[in-house]
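Observations on the model geometry
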Amino acid sequence: QVQLVESGGGLVQAGGSLRLSCAASGRTFSSYTMGWFRQAPGKEREFVAAISWSGGNTYYADSVKGRFTISRDNAKNTVYLQMNSLKPEDTAVYYCAASNLFTIATFEYDYWGQGTQVTVSS
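1. Here's the deal with the environment of Tyr109
Relative to the assigned elements, Tyr109 resides in the loop between strand E9 (92–99) and strand E10 (111–112). Given a relative accessible area of 4%, Tyr109 falls into the buried group. Each C-alpha atom of the pair Tyr109 and Thr33 lies 8.8 Å from the other, and the pair is 76 residues apart in sequence. Excluding anything up to four places from it in sequence, Tyr109 contacts Thr33, Met34, Gly35, Phe37, Ala50, Ala97, Ala98, Ser99, Thr103 and Ile104.

In structure tokens form, the structure reads like this:
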């Protein structure tokens, strides 16, 4: 079992930055791929970024590539999402999730946090 708690969301102006954190409980955190997803009002949850258990592999949605960076610190059981050059269309609830697979598919993530709101004003 892995429990995930996101933090770091908030209100920011377009062009600004935010850093999301996701703290995990459980001794097996370092064995999981960690992903970030987001869901805007009226839209389906979508993949944002993923990082392999070692941190050696990362993958990004085209919409955030070059602006967002995913990283992890296995000693702290924490995964991060650094978001730069934010746009109003980045407004959503952001979720972190854990999977046994290196995948972008929502259904292949077994554990989810409760989400943190990110609002980007124009």
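And the narrative resumes.
2. A short note on the packing of aromatic side chains
Taken as a whole and assessed by the stated rule, the structure comprises seven aromatic pairs. Centroid distance Phe37 to Trp112: 4.9 Å. Interplanar angle 55°. Geometry classified as tilted. One end of the pair, Phe37, is in strand E4 (residues 33–39); the other, Trp112, is in strand E10, and 75 residues separate them in sequence. Phe37 gets classed as buried once you look at its relative accessible area, which sits at 0%. Since its relative accessible area comes to 26%, Trp112 is described here as partly exposed. Three or more aromatic residues link up through ring pairs in this structure, and these residues are Phe37, Phe47, Tyr59, Tyr95, Tyr109 and Trp112. Directly above the ring of Tyr80 sits Arg19, whose terminal nitrogen or CZ lies 4.0 Å from the centroid. Of note, Arg45 hangs over the ring of Tyr95, and the distance from its end group to the ring centre comes to 3.7 Å.

3. Overview of the sheet that holds strand E7 (residues 68–73)
Strand order across the open sheet formed by four strands is E1-E3-E8-E7, with antiparallel pairing between neighbours. Of all the strands in the sheet, just strand E1 (3–7) and E7 have a single pairing partner and so form its edges. Along the sheet, successive strands turn relative to each other by an average axial angle of 15°, direction set aside. Here E1 pairs with strand E3 (residues 18–25) via five bridges, running antiparallel. In the strand pairing of E3, Leu4 is matched with Ala24.

Rules used in this analysis
- Residues numbered from 1 in each chain as written.
- Predicted model: local features only at pLDDT ≥ 70, side-chain atom pairs only at ≥ 80, totals over all residues.
- Heavy atoms only, no water.
- Helix = DSSP H or I, 4+ residues; strand = E, 2+ residues; numbered from the N terminus.
- Buried < 20%, exposed > 50% of the residue type's maximum accessible area, 1.4 Å probe, protein only.
- Contact = heavy atoms within 4.5 Å.
- Phe/Tyr/Trp six-rings, centres within 6.5 Å; stacked < 30°, edge-to-face > 60°.
- Lys NZ or Arg CZ within 6 Å of the ring centre and 35° of its normal.
- Pairing = 2+ DSSP bridges.
- Axes fitted to C-alpha atoms, helices over the stretch in contact; angles between N-to-C directions.

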